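Residue-level listing of the chains:
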Amino acid sequence: MLPFLAVFALCYLAPVCYAVWTSLRRTRRTGPLGLGTEHDTFAGLANYAQALADDRFLTGFGRVLLFGAVQIPLMTVLATALALLLESAAARWVTFFRGAFFLPYGVPGVIASILWGFLYVPGLSPLVRIAQGVGWNVDFLSRGSVLWSVANIVTWQFTGYTMLVLIAQLKSVPGELYEAARIDGATAWQVARYVKLPLLRPALVLTTVFSIIGTLQLFAEPMVLRPLTSSIDSGYTPNLHAYSEAFVGNNQHRAAAEAVLLALVACAASFGFLRLVGGRGKERG
C-alpha cells in the first residue's frame, strides 16, 4: 500500500491541503499606496465571505445547477436508449456504431468547443444559414441560448462515454436471464423494461454522479466560446470565476476559497444524490 499512499498524498492530499491553506490567507502590501513589498497574512474565513457575497459567483452556481438539471437527464436517457439499442438481439453493425458514438469523447473538450463554435457563429455556421433559409432567425450565442449551446457540446461529447459504461454493465448480466425472460414469453420491450433497466441501476448511478461533478466543474466550453459572444462573462460558471480571480484579478487566495466552495458543493450534491437513490433502493427492497 505504501507506493499508492505516497502517490495519493502527493497528487491529491497535498494539493487539497495547499488550496485550503491558501484560501485562509490574504496578501497585504506595504508602503505608499500599497506599492511596497507583499506578504501573506492569516485571513480566516474572509475570502469565503467575499466569495459568498459576490452575486456573479452565486449566479454562476445557479446557472450550472440549471444546466445540470436539464443536461444530465437528457444525456442519461439518450445514452441508455443507445445502449439498449446496441445490445438488442436485432442490432446490426454494433462495433461500427459503438465506435461512432464513442468517437466524440476522444476529442478534447477545447477542440470540441472550437468545432462547435464555428457551427454557432453567424456568417460561418451552415446551421444558421439553413435555419435562415427556412425563415427561422436563430442565434446560438445569444444570452438566452448560449447555455443550451454549451449543453449541446457536453451532450455530444459525453453521451458515447456514458453509453459504453452502460453497455459494460449489460455485458456483465448472465445471458440466462434474457433467455428465461424470452421463454416466459417476454417481448423485446418487456425484456428491456423489466430486466435490463433494473440491472442498469448501478451504472446509471455511477454515471450520474460523474455528470454532477463534471457539471459543477464546467469550464472549457464557456471559456472557449467566451471570445465569440458577449453573453459569457468572467463569472459565467463558478470555475470560470475562480480562474478569472486567480489569473486576471491576481487574487489567488479568493480563487482558492471559491475552488474549495465548489468542491464542497460537488461533494454535497454527489453524496446527496447517492443517499437519495440509496433510500429509494431500500424502499423498493
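Residues numbered from 1 in each chain as written. Predicted model: local features only at pLDDT ≥ 70, side-chain atom pairs only at ≥ 80, totals over all residues. Heavy atoms only, no water.

Enquirer: Explain the overall build of the protein chain to me, and be specific about the residues and the numbers.
Expert: When helices and strands are tallied, the protein chain shows 13 helices and two strands. Principal axes of the C-alpha set define a box for the protein chain whose edges measure 85 × 60 × 35 Å. Across the 285 residues of the protein chain, 38% fall into the buried class. In the protein chain, the share of contacts with a sequence separation of at least 24, taken over all contacts with a separation of at least 6, comes to 67%. Carbon and sulfur atoms provide 68% of the accessible area of the protein chain, an area that totals close to 16700 Å². (Helix = DSSP H or I, 4+ residues; strand = E, 2+ residues; numbered from the N terminus. Buried < 20%, exposed > 50% of the residue type's maximum accessible area, 1.4 Å probe, protein only. Contact = heavy atoms within 4.5 Å. Areas by Shrake-Rupley, 256 points an atom, 1.4 Å probe, with all protein chains shown as cover.)

Enquirer: A description of helix α3 (residues 55-86) should follow, citing residues and the corresponding values.
Expert: Because the α-helix completes a turn every 3.6 residues, residues three or four places apart line up on one side. Here α3 is 32 residues long and its end C-alpha atoms lie 46 Å apart, about the 46 Å a rise of 1.5 Å per residue gives. The largest bend in α3 is about 25°, located at Gly68. Sitting at the head of α3, Asp54 places a side-chain oxygen 2.9 Å from the backbone nitrogen of Arg56. (Expected span 1.5 Å × (residues − 1). Bend = angle between axes of the 7 residues up to and from the residue. Polar contact = N/O pair within 3.5 Å; in protein donor to acceptor, adjacent residues only side chain to side chain.)

Enquirer: Quick one: what's the story with the pattern of salt bridges, residue by residue and with numbers?
Expert: Any two side chains of opposite charge can pair, on the condition that their charged atoms come close. Within this structure, the stated rule accounts for four salt bridges. The partner of Arg254 in a salt bridge is Asp54, and the shortest N-O contact between them spans 2.4 Å. Remark: Asp54 occurs in the loop between α2 (46-52) and α3 and Arg254 occurs in helix α13 (residues 252-284); sequence separation between them is 200 residues. The same class applies to Arg254 as to Asp54, namely buried. As a salt-bridge pair, Lys171 and Glu87 come within 3.4 Å of each other at their nearest N and O atoms. (Salt bridge = Lys/Arg side-chain N within 4 Å of Asp/Glu carboxyl O.)

Enquirer: With reference to specific residues and values, describe the packing of aromatic side chains.
Expert: Under the counting rule described, the total for this entry stands at 13 aromatic pairs. Measuring from centroid to centroid gives 5.1 Å for Phe8 and Tyr12, while their planes differ by 25°, and the two rings are stacked. Of this pair, Phe8 and Tyr12 both sit in helix α1 (residues 2-23), four residues apart, roughly one helical turn. Here the aromatic rings of Phe102 and Tyr105 are separated by 5.4 Å at their centres, their planes lie at 45°, and the arrangement is tilted. By relative accessible area, Phe102 is classed as partly exposed at 29%. Over the ring of Tyr178 we find Lys196; its NZ or CZ atom is 5.3 Å from the centre of that ring. (Phe/Tyr/Trp six-rings, centres within 6.5 Å; stacked < 30°, edge-to-face > 60°. Lys NZ or Arg CZ within 6 Å of the ring centre and 35° of its normal.)

Enquirer: Tell me about the state of the cysteines, residues and numbers included.
Expert: Under the criterion given, the structure shown has zero disulfides. Of all cysteine sulfurs, the one in Cys17 lies closest to Cys267, which takes part in no disulfide; the gap is 14 Å. We classify Cys267 as partly exposed; its relative accessible area is 41%. (Disulfide = S-S within 2.5 Å.)

Enquirer: Describe the environment of Lys196, and please don't skip the residues or the numbers.
Expert: Inspection of the secondary structure puts Lys196 in helix α9 (residues 188-199). Looking at Lys196, the relative accessible area reads 9%, which means it is buried. The spatial distance from the C-alpha of Lys196 to the C-alpha of Val173 is 8.5 Å, given a sequence separation of 23 residues. Setting aside residues no more than four positions away along its own chain, Lys196 makes contact with Leu84, Glu87, Ser88, Leu170, Tyr178 and Val191. In terms of polar contacts, Lys196 uses its side chain to reach the backbone carbonyl oxygen of Glu87, at 3.2 Å.

Enquirer: How would you summarise the environment of Ser125 if you had to cite specific residues and measurements?
Expert: With respect to the element layout, Ser125 can be found in the loop between α5 (109-120) and α6 (126-133). The class of Ser125 is buried, set by a relative accessible area of 0%. C-alpha of Ser125 to C-alpha of Phe140: the two residues are 15 residues apart in sequence and 10.0 Å apart in space. Beyond its immediate stretch of four places on either side in the chain, Ser125 contacts Phe118, Leu119 and Tyr120. In terms of polar contacts, Ser125 uses its side chain to reach the backbone amide nitrogen of Val128, at 3.1 Å.

Enquirer: So what about the packing of helix α4 (residues 94-102) against helix α7 (residues 146-171)? Which residues, and what values?
Expert: Angle between the axes and distance between the axes are the two parameters that describe a pair of packed helices. Where α4 meets α7, the closest approach of the two axes is 8 Å, and the angle between their N-to-C directions is 140°. One finds that α4 runs oblique with respect to α7. Between α4 and α7, the residues in contact are Arg98, Phe101 and Phe102 and Gly160, Tyr161, Met163, Leu164, Ile167 and Lys171, respectively. Per-class residue counts for the contact of α4 with α7 are six nonpolar, one polar and two charged. (Axes fitted to C-alpha atoms, helices over the stretch in contact; angles between N-to-C directions. Parallel < 35°, antiparallel > 145°, perpendicular 65-115°, else oblique. Nonpolar A, V, L, I, M, F, W, Y, C, P; charged D, E, K, R; others polar.)

Enquirer: How would you summarise the side chain of Arg25 if you had to cite specific residues and measurements?
Expert: Relative to the helices and strands, Arg25 is located in strand β1 (residues 25-29). Asp40 provides the closest opposite charge to the buried, unpaired Arg25, separated from it by 5.0 Å. Setting aside its immediate chain neighbours within four residues, Arg25 contacts Asp40, Thr41, Phe42, Ala43, Asn47 and His253. (Lys, Arg positive; Asp, Glu negative; His and termini not counted.)

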